[in-house]
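Spelled out from the first residue to the last, the chains are:
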Amino acid sequence: MKRTIIEVILALALVGAGAFGWTNFKGNQKATGQLTELKAASEEATKAVADKDAAIKAAEEEMATLREEMAPLEGQAQQLAAVKAAMANGATLADLEAAYKTQKNLSAERQVGLGALRMLTKGAEDPAAIESFRKALQLSELGDRKNTICAAQLALSAAGEKVAIMADCLPKGAKDEKGDKGDKAEKSGHDDKAAAKDDGHGKAKDDGHGKADDKKAPEKHAVHWSYDGDMGPERWGKEFPTCAKGKSQSPLDIKGPFVKSRTVVTTDYKEGPLKMINNGHTIQVNVTPGSKIRIDGVVHELLQFHFHRPSEEKIDGKPMAMVVHFVHKSAAGKLAVLGVLLKEGNENPGIKTLWANMPMEEGPEVTPEGVNFNPANLLPREFDFYSYEGSLTTPPCTEGVRFYILKSTVNVAKEQVAAFPFKRNARPVQELNGREITTN
Ligand SMILES: [Zn+2]
């Protein structure tokens, strides 16, 4: 619009100056001068308008991005509002429980939510609430969601139940005061709940039921971590001490000398319904019970597997395009991770199925209808490995995790790597600190 106005003024000035020049030759020279000035002013004004247009366009683009980012939050806020409205309109806990019952496989977050509601309505000693938290604790071990584990642990402890609380779950003050006790809590937490991987996001809050969670550990639930910036791997230790102080941390740069190992690892993975989650740090497939590996005959159940880009492990200083970590747990609580390195090459049909169903944005677990998956589709034929004692590669970096990194790689297409929604979600390699790397 502004540009048009300037053009009209310029045109009028030209016509005016032209008419003037027709009748007055001397004046014509002056008019030419004025014309040049006018033209320069017009160009300047046009440029100013163009700059403004560009600024407006940039702002509009920024607004669009912001709107996109806001969309999931709005969804959560609506859910919360819906629950609040339902309660205000006389919906009872029984109604909610009935609604929950129609959903199969309640997530750990919903179990915590349900437990919290039961506690609010029936008091802290309500056995159903306690059972709900217990269930959440079991489920969240499978799902590796630290905040849910914390909420369930703290709620159980508040209800007077004996439960080990991970040090990372305790409010800061309590941890400092307790000193040794805090360490003990972390150790027992590590034995019992070693599968706890913090995802840094309080999912329990998302469905608006995370009351217990809000009350018991407000500080910890704000803890966020990432793979870059001011909450990147170098800063994890601030909130999760083991990440900085641990002496057996993962991943490693795998290089000789190696110690000969006679350990035999065999896999027995089964097909099951596909359950996937984008937890903001990786794409994770939660596995239904029944798939396992045997390490020298000892059964370790496959809980979940997830991806890192590039591979967290390096072989002789070099990372691969990606790695799959299959996370297992024995009846005694020992964690074992089987790592399969993905090398750029042909398309991987297993990954094709997974990628076709993965949630691109962070959110709750999805269960695409009628899609089954066998984790064995991602394994190479040969089972030679490197092995070492390590840790979770994400906060809280709990140690006591045995790693088996297979020497044989499987293919992944360049396009498949590019389609993975996390550009970089790999912790840098850690100090060996005298650990042995074995190989069979
Ligand atoms: Zn991993």
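In this text, all values refer to a predicted model and were calculated from it rather than measured experimentally.

Visitor: Help me understand the nonpolar core in this model?
Guide: Generally speaking, a soluble globular protein has its nonpolar side chains buried in company with each other. Met322, Val324, Val337, Val340 and Leu342 are the most contacted members of the largest nonpolar core, which totals 52 residues. Excluding anything up to four places from it in sequence, Val337 contacts His325, Phe326, Val327, Val401 and Phe403. Ranked by size, the runner-up nonpolar core spans 25 residues in total, among them Val112, Leu117, Ile165 and Cys169.

Visitor: Honestly, the pairing of strand E8 (residues 298-308) in this entry has me stumped. Any pointers?
Guide: In summary, the side chains of a regular strand alternate between the two faces of the sheet. With 8 of 11 residues buried, E8 is to be regarded as a mostly interior element. When strand E6 (residues 283-286) meets E8, the two strands line up antiparallel, connected through 3 bridges. Directly across from Asn286, in E8, lies its bridge partner Gln304. Here strand E7 (residues 292-295) runs beside E8; their pairing, made up of 4 bridges, is antiparallel.

Visitor: Is there a simple way to think about the sheet that holds strand E10 (residues 318-319) in this case?
Guide: Across a sheet, strands are paired by hydrogen bonds formed along the backbone, either parallel or antiparallel in direction. Pairing is mixed across the open sheet formed by 3 strands, whose spatial order is E1-E9-E10. One side of each edge strand has no neighbouring strand; the edge strands of this open sheet are strand E1 (253-254) and E10. As paired strands, E1 and strand E9 (residues 314-315) are joined by 2 bridges and run parallel to one another. By the bridge assignment, Ile254 is partnered in E9 with Ile315.

Visitor: What is the right way to look at the confidence of the model for the protein chain in this model?
Guide: Any segment with low pLDDT has predicted coordinates that should not be analysed in fine detail. Residue-level pLDDT values for the protein chain average 79, and 73% of them are 70 or greater. Overall, residues 8-25 carries pLDDT values under 50, and its contacts beyond four positions in sequence, including any with other chains, amount to 13 contacts. Taken as a whole, residues 175-222 scores under 50 in pLDDT and shows 124 contacts with residues more than four places along the chain or in a different chain.

Visitor: Is there a simple way to explain helix H6 (residues 146-158) in this structure?
Guide: A turn of α-helix holds 3.6 residues, and therefore any two residues three or four places apart point the same way. Helix length check: H6 (13 residues) gives 18 Å between terminal C-alpha atoms against 18 Å at 1.5 Å per residue, within 8%. Of all the residues in H6, the buried ones are Lys146, Asn147, Thr148, Ile149, Cys150, Ala151, Ala152, Gln153, Leu154, Ala155 and Leu156. Directly after H6, the chain includes Gly160, whose backbone phi takes a positive value near 85°.

Visitor: Whenever I open this one, unusual backbone geometry confuses me. Can you help?
Guide: Generally, phi is negative for residues other than glycine and the peptide bonds are trans, each holding for most cases. Cis peptide bonds are those with omega within 30 degrees of zero, and the linkage from Gly256 to Pro257 qualifies with 5°. Looking at the element boundaries, Pro257 is found in the loop between E1 and strand E2 (259-260). Here Pro395 and Pro396 are connected by a cis peptide whose omega angle stands at 10°. Note on placement: Pro396 falls in the loop between strand E14 (385-391) and strand E15 (399-406). The backbone of Asp316 shows a phi angle near 50°, a positive value even though the residue is not glycine. Relative to the elements of secondary structure, Asp316 occurs in the loop between E9 and E10.

Criteria and cut-off values
Residues numbered from 1 in each chain as written. Predicted model: local features only at pLDDT ≥ 70, side-chain atom pairs only at ≥ 80, totals over all residues. Core = buried A, V, L, I, M, F, W, Y, C linked by C-beta atoms within 7 Å. Buried ≥ 20, exposed ≤ 12 C-beta atoms within 10 Å, placed from the backbone. Contact = placed C-beta atoms within 7 Å. Helix = DSSP H or I, 4+ residues; strand = E, 2+ residues; numbered from the N terminus. Pairing = 2+ DSSP bridges. pLDDT = per-residue confidence, 0-100. Expected span 1.5 Å × (residues − 1).

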